[in-house]
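As a plain string of letters, each chain reads:
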Amino acid sequence: MSKKILVADDEPNIVAALQFLLQRNGFEVKIARNGEEALRLVESESPDLVLLDVMMPARSGYEVCRRIRERAEWGHIKIVILSARGRDAEVEKGISLGADLYITKPFSTRELVDKVKGLLA
């Protein structure tokens, strides 16, 4: 059974590229365009990993991360924050809220896939 990844980002070009790349690597991909939709899909789809943009409509990626980590039944879900915000304080905030990894945009797609595979191994 393939691993399920939720891509939560409001930038269509990033979503399309990640969806194509992840599906090509054998992952099942679900898409959320805002924070509220991301939380609904976590509830209904129970993904193995969430790729989470920080700056999204409805709820920020930080809030989505915090909400996922508040629920014990979602403890298995890996969270990778993808953000243009790369200052140390932003990275520390993401990690302190429970993200497993914080990757700054722009990023190498090959490196991202390798890190996702590592987290899901």
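Look above for the structure.
Here goes a summary of the coordinates provided.

### Topic: the overall build of the chain
Piece 1. Along its length, the chain carries 5 helices and 5 strands.
Piece 2. For the chain, whose C-alpha radius of gyration is 13 Å, the value lies close to the compact-globule estimate of 14 Å for 121 residues.
Piece 3. Viewed in the frame of its principal axes, the chain has a C-alpha envelope of about 35 × 30 × 25 Å.
Piece 4. The 121 residues of the chain split such that 43% are buried.
Piece 5. In the chain, once contacts between residues fewer than 6 apart in sequence are set aside, the share between residues at least 24 apart is 59%.
Piece 6. Of note, the chain has its 19 positive side-chain charges centred 2 Å away from the centre of its 19 negative side-chain charges.

### Details of the sheet that holds strand β3 (residues 49–53)
Piece 1. Strand order across the open sheet formed by 5 strands is β2-β1-β3-β4-β5, with parallel pairing between neighbours. Only two strands of the sheet have a single neighbouring strand rather than two, namely β2 (28–32) and β5 (101–104). Strand after strand, the sheet turns through a mean of 20° between neighbouring axes, direction not considered.
Piece 2. In the sheet, strand β1 (residues 4–8) pairs with β2 via 5 bridges, with the strands oriented parallel. Within β2, the residue paired with A8 across the bridge is A32.
Piece 3. Here helix α2 (residues 35–45) sits on the sheet and contacts β1, β2 and β3; the angle it forms with β2, its principal contact strand, is near 145°.

### Some thoughts on the nonpolar core
Piece 1. Ranked by internal contacts, the top residues of the largest apolar core, which has 21 residues, are L52, I68 and I79.
Piece 2. Elements that contribute at least two residues to this core include exactly β1, α2, β3, α3 (61–70) and β4 (78–83).
Piece 3. Residues within four places of L52 in sequence aside, it is in contact with A8, G61, V64, C65, I79, V80, I81 and L82.
Piece 4. Grouped together as the second largest cluster of nonpolar side chains are 18 residues, L21, L49, L82 and V113 included.

### Concerning the pattern of salt bridges
Piece 1. Tallied over the entire structure, the rule returns 14 salt bridges.
Piece 2. One salt bridge connects E28 with K30, and the closest N-O pair in it is separated by 3.7 Å.
Piece 3. The salt bridge partner of D53 is K105, with a shortest N-O separation of 3.2 Å. Here D53, found in strand β3, pairs with K105, found in the loop between β5 and α5 (109–120); they are 52 residues apart in sequence, far enough to count as distant. A single burial state applies to D53 and to K105, both of which are buried.

### Focus: the packing of aromatic side chains
Piece 1. Under the definition given, this model contains 0 aromatic pairs.
Piece 2. R71 extends its terminal NZ or CZ atom over the ring of W74, reaching a point 4.0 Å from the ring centre.

### Quick word on the side chain of K105
Piece 1. The exposure class assigned to K105 is buried, which follows from its relative accessible area of 17%.
Piece 2. Of note is the side chain of K105, whose polar atom sits 3.1 Å from the side chain of D9.
Piece 3. For K105, the side chain forms a polar contact with the side chain of D53, separated by 3.2 Å.
Piece 4. In this structure, K105 is in contact with D9, I14, D53, L82, S83 and A84, ignoring residues within four places of it in sequence.

Calculation notes
- Residues numbered from 1 in each chain as written.
- Predicted model: local features only at pLDDT ≥ 70, side-chain atom pairs only at ≥ 80, totals over all residues.
- Heavy atoms only, no water.
- Helix = DSSP H or I, 4+ residues; strand = E, 2+ residues; numbered from the N terminus.
- Rg over C-alpha atoms; globule rule 2.2 N^0.38 Å.
- Buried < 20%, exposed > 50% of the residue type's maximum accessible area, 1.4 Å probe, protein only.
- Contact = heavy atoms within 4.5 Å.
- Lys, Arg positive; Asp, Glu negative; His and termini not counted.
- Charge placed at Lys NZ, Arg CZ, Asp CG, Glu CD.
- Pairing = 2+ DSSP bridges.
- Axes fitted to C-alpha atoms, helices over the stretch in contact; angles between N-to-C directions.
- Core = buried A, V, L, I, M, F, W, Y, C linked by side-chain atoms within 4.5 Å.
- Salt bridge = Lys/Arg side-chain N within 4 Å of Asp/Glu carboxyl O.
- Phe/Tyr/Trp six-rings, centres within 6.5 Å; stacked < 30°, edge-to-face > 60°.
- Lys NZ or Arg CZ within 6 Å of the ring centre and 35° of its normal.
- Polar contact = N/O pair within 3.5 Å; in protein donor to acceptor, adjacent residues only side chain to side chain.

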